[in-house]
Every structure is written in structure tokens, then in C-alpha cells.
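Spelled out from the first residue to the last, the chains are:
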Amino acid sequence: MVNRILIRVKVVQMLYAYLLTRSEFRIDPAPEAPSRDKRFAYSVYLDLLQLIIELSGCNPQRKGNKQPVVLPPKLNSNRVGKALADTDAIKSAMLRGAGSYEVVRECVPALAGIISESAVYTDYAKRRKLTLDDDVKLWTSILSTIIAKSEAVEKAFRTNDDFSQVGYEAGIRQAIDTLEAYNDSRAAYRNAQSDLQRSLDTAYSLYHHLFGLMIELTNTQADRIETAKRKYLATDQDRNPNTRFITNALVARLKENEGLQKYLKDHPMRWADEPSLIKKLLDSILASDAYKEYMESAERSYEGDCNLWRNLLKNVIITSDDLAEELENRSIFWNDDLEIMATFVLKTIGHFAKNPDAPVELLPEYKDEEDAAFGAELFSLAVENRELYREYIDKFINSDQWDPERLAFMDIVIMTCAIAELMNYPAIPVPVTMNEYVEIANNYSTQRSGQFVNGILYAVVTYLQQEGILKKN
């Protein structure tokens, strides 16, 4: 019921929020009015971070160096090194040649050999699927157990005139703290995953609560009728009202449906607590042509009762600005859910109408286990491979027409999710994936985004197929 169309939208939204707020590494600023020890500690700190970049094969200045360095295979282009290399503070330090790094970097070949034979690297290299979390933990361990204990590294730092043992140890601790702080920031990633699942669960909740709204509107009209009967100057119409609306067979079945009632009890959302909204919606229903035709019709049938609510939902309830505002106040996840969930409610009622003798059963949250896992998997794949997918995107951006640094960030996020799906879900046809994400771009980004996203994705798909990376038509 929560289908892949909605899941894709939710993944794009959560990825956008996560990437917009995340911080790869928080590089400590230089200390103000530093003592000699603090000044040297900061120099050690920056040099050690550059050493991680060097050992990850991510230092562009290493290119053309006469001394080749054989790095352990799974350290080469390690994501931690790349993330550090992309940090402005480290870029500046590398350009300035700050600290003793030119001397320290001479330790790289020996360190690479020691790391490749270490137990921590051996365990890391055995893993078939490595996460960014694994990369950070690896480097935290290498820094604290190998680099910090290396006599050659310490000797290289001693060539600095400001060397002090206190400053040296403080710089090592500072570098380890930076890595561990990044590891702590992975909580933002886990929170984003949790928010994604909660968003999908909340959408499913809205599906049930729309049925609950139908019941509440019916109950409110029943209360109005009873109140009118007790009026001091009640009219004949008040005393003998048309009860067809409040005895609607579909709503009666919904009231008796044990699954729905249990869900509404376990996930409370009392529409009765919003009397103003209920009054506005009910008044609009009573004034609608669908209601008048239903009440005046001589023919009564279960199908007719179902069709009434289909018409009211499509033409009165779902189009209500008051309902949209209330849902937005209730949950930030419902901003875009109403139209999609209403579609499933309409489909469910349509099924009821065609099967009057069958039990009233609501749709399950997901069609199958694959759909249930699709959102979390797609989000993780997009996050873990975003640098690679961004390279594919940038490869086909015409810099004469588009400045890569000024592209709409939502477009980048949409294309990242699309490429993640193209690369990892062989059963989903290429046109399906492309059409879905172009539609998301049309609805959630700029006016030109749909056309732009379509063009870039087409070029990326063609390239990946020609290179044998994408093996589906």
C-alpha cells in the first residue's frame, strides 16, 4: 500500500535533509594566542590528518612524485581520506605546507607496509561490504595504535624547532578526537534512517485516519440530527429526518471492522478534538451536489453508499485547504502524503463496492518484503555511494550552460537516488526509474529540473551501459 512511488519521494526528501545538514569532519580552528605547546600540537594535528589523506591515496600533490608508494588495496581512495581531502581547512594547510609535513610524509611507505600487515587492517579487508562507519573506525585504530606509536613518525616531528612531548601527544589526541567526533555524527545518519521509516509509517497511519474521518463526520451528523429532534420548535423535517447518510452501509462496516478500530485505538488521532474542522467539512458535504443527489435518489445499494464516499473524498474532503492545514500541523511528514494516501483510500472503497459480500479488509502497509526493505536500502546506497554518483553526474554537466557548484541541490539529490536505483535494482526497468525521478524533479524542484534531470540521467545511463557497469536495458 505504501508503494514505491511514495517511497522514492520520501527517500529523496530524507536524503536532501540529511545531506544539507550533515558535516563530514569538523576541523578544529587554530588556537588563539597559542603557547609554544599549543602551536606545535595544532601543527601535529593538521599533519596527522594530511598523513591519513596520503595513506588513502587522496593527496593530489603526491602525483608525479618520483618515489612510488604501494598502498594497501582497501586504503586506496578510502572514503575517510577523501572526505578529509575535501575539507577546506585541510586544503589550506596542504597549500601552505604548514607544519613538518614534508618530513613526516617520508614515513608513508614504511607506514603503508606496517598497516597492510596489521590485524586491524586484515580484519577490515576481509569484510565484503564496508560502510563509512567501518572506514572511520579503521582510521581511529590505525592512528592510535600504529601511527601514534611509530618511532619514525615521532622522529620526523622532532625536526620541528617547536617540538615538545606535551604538544606531540596533544596533537595526536586532537586528531583522534576529530575522527571519533565524526563517528559520533553518524547518529545523524541513523536518525535520518529512523525518520524515513517513521515517515512511511505515518503515511500508512494517514490511510487509516482518513477512514476514521469518514466515521467522525457521520457521527457528527448523527449528533446534529438528534439535537434537532429535541429542539423546542422542531419542524416535521427535524422530527422525521432523512437518515440515509448516517446509516450509510460502508461507514457501518468500517465501524465494525476490528482491524481498523484496533489500529485507530493503537494510533490515536481524535478528529473530535478539531470541532471547527469537522464542522467546515460537514457543512461542505451537506452543500455538495454528490450529497444532495445521494439523499434524493430512490435507489439504495451498497455500491451507491461506497460511491458517495468516493465522490465526497475526491471533490470535497481531499480538496479542503482546512484539512491540509490541519494535517500539516499534526505531522511534518504529511505535507505530501494526503493526495497519495487518498488515492489508496479511493481504491480500497472501489474494491469494497465491487465485492459487497467480501469482508472489509484494509490494505497492508507494504505489498511484500521487497517493498518494505526498499526505502531503507535505497537511502543507504545513495548515502554510501554519493561521491561516486556525483562524479557520474558532473561528468555530463555542460559547464558552458550549468555551473556545477550552482546546480539546484535538490536536483543533485534526485539524480543521486536515481543512479543508486539504476545501479542496484536490476529488476526495475531503466525507463521506470528515469520516469519516476523526472516526475519527482518536476514536482519538487525548479521549473527546468525535469528536463535537466532527464538529460543528465540519460547520459549517465548511456555511459554506464557502454562501460559495462550497468547491465540492463
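Report follows, based on the coordinates. (Residues numbered from 1 in each chain as written. Predicted model: local features only at pLDDT ≥ 70, side-chain atom pairs only at ≥ 80, totals over all residues. Heavy atoms only, no water.)

**Some remarks on the overall build of the protein**
Short version of the rule: Here a strand is any run of E in DSSP of at least two residues, a helix any run of H or I of at least four, and the numbering for each starts at the N terminus. In this treatment the radius of gyration is a C-alpha quantity, and the globule benchmark scales as 2.2 Å times the residue count to the 0.38 power. A simple rule labels every residue: compare its accessible area, found with a 1.4 Å probe on the protein chains alone, to the largest value its type can have, and call it buried under 20%, exposed over 50%, or partly exposed in between. We call two residues in contact whenever any of their non-hydrogen atoms come within 4.5 Å of each other. Using a 1.4 Å probe, the Shrake-Rupley method yields the accessible areas, and only the shown protein chains count as cover for residues.
Assigned secondary structure in the protein consists of 23 helices and zero strands. Expected size for 473 residues packed as a compact globule is a radius of gyration near 23 Å; at 31 Å, the protein overshoots this value by more than 25%. Its C-alpha atoms put the protein at 105 × 50 × 45 Å along the principal axes. Looking at the 473 residues of the protein, the share that counts as buried comes to 49%. For the protein, long-range pairs separated by at least 24 residues make up 81% of all intrachain contacts whose partners lie at least 6 apart in sequence. With the model as given, the accessible surface of the protein reaches about 24300 Å², and the carbon-plus-sulfur share is 49%.

**Considerations on the layout of surface pockets**
Rules: Whether a set of points on the 1 Å grid over the protein atoms alone is a cavity depends on a 1.4 Å probe fitting there but being unable to get out, while an open set qualifies as a pocket with protein on both sides within 12 Å along at least five of seven lines; lining residues are those with an atom within 4 Å of a point. Grid points are joined across faces, edges and corners, and a volume is the space filled by probe spheres set on the points. Note on residue classes: Ala, Val, Leu, Ile, Met, Phe, Trp, Tyr, Cys and Pro are nonpolar, Asp, Glu, Lys and Arg are charged, and everything else, Gly too, is polar.
Size it by volume and the second largest pocket reaches roughly 440 Å³. Taken together, 17 residues make up the lining of the second largest pocket; nearest its centre are R79, E384, N385, E387 and L388. Of all elements in the fold, only α3 (79-85), α19 (369-384) and α20 (386-395) reach the threshold of two or more residues within the lining of the second largest pocket. Tallied by class, residues from the lining of the second largest pocket come to four nonpolar, five polar and eight charged.

**A closer look at the pattern of salt bridges**
Put simply, the rule is: Counted as salt bridges are all cases of a side-chain nitrogen of Lys or Arg within 4 Å of a carboxyl oxygen of Asp or Glu.
Per the counting criterion, the structure on display carries 23 salt bridges. Taken together, the shared-partner salt bridges connect R4, E370 and D371 into one network.

**Regarding the side chain of D305**
Put simply, the rule reads: Counted charges follow a simple rule, with Lys and Arg positive, Asp and Glu negative, and His plus the chain ends left uncounted.
Along the polypeptide, D305 turns up in helix α16 (residues 302-317). Although D305 is buried, it forms no salt bridge, and the closest oppositely charged side chain is R300 at an N-O distance of 4.3 Å. In this structure, D305 is in contact with N248, A249, L250, Y294 and R300, ignoring residues within four places of it in sequence.

Purely spatial values, then, with no claim about function.
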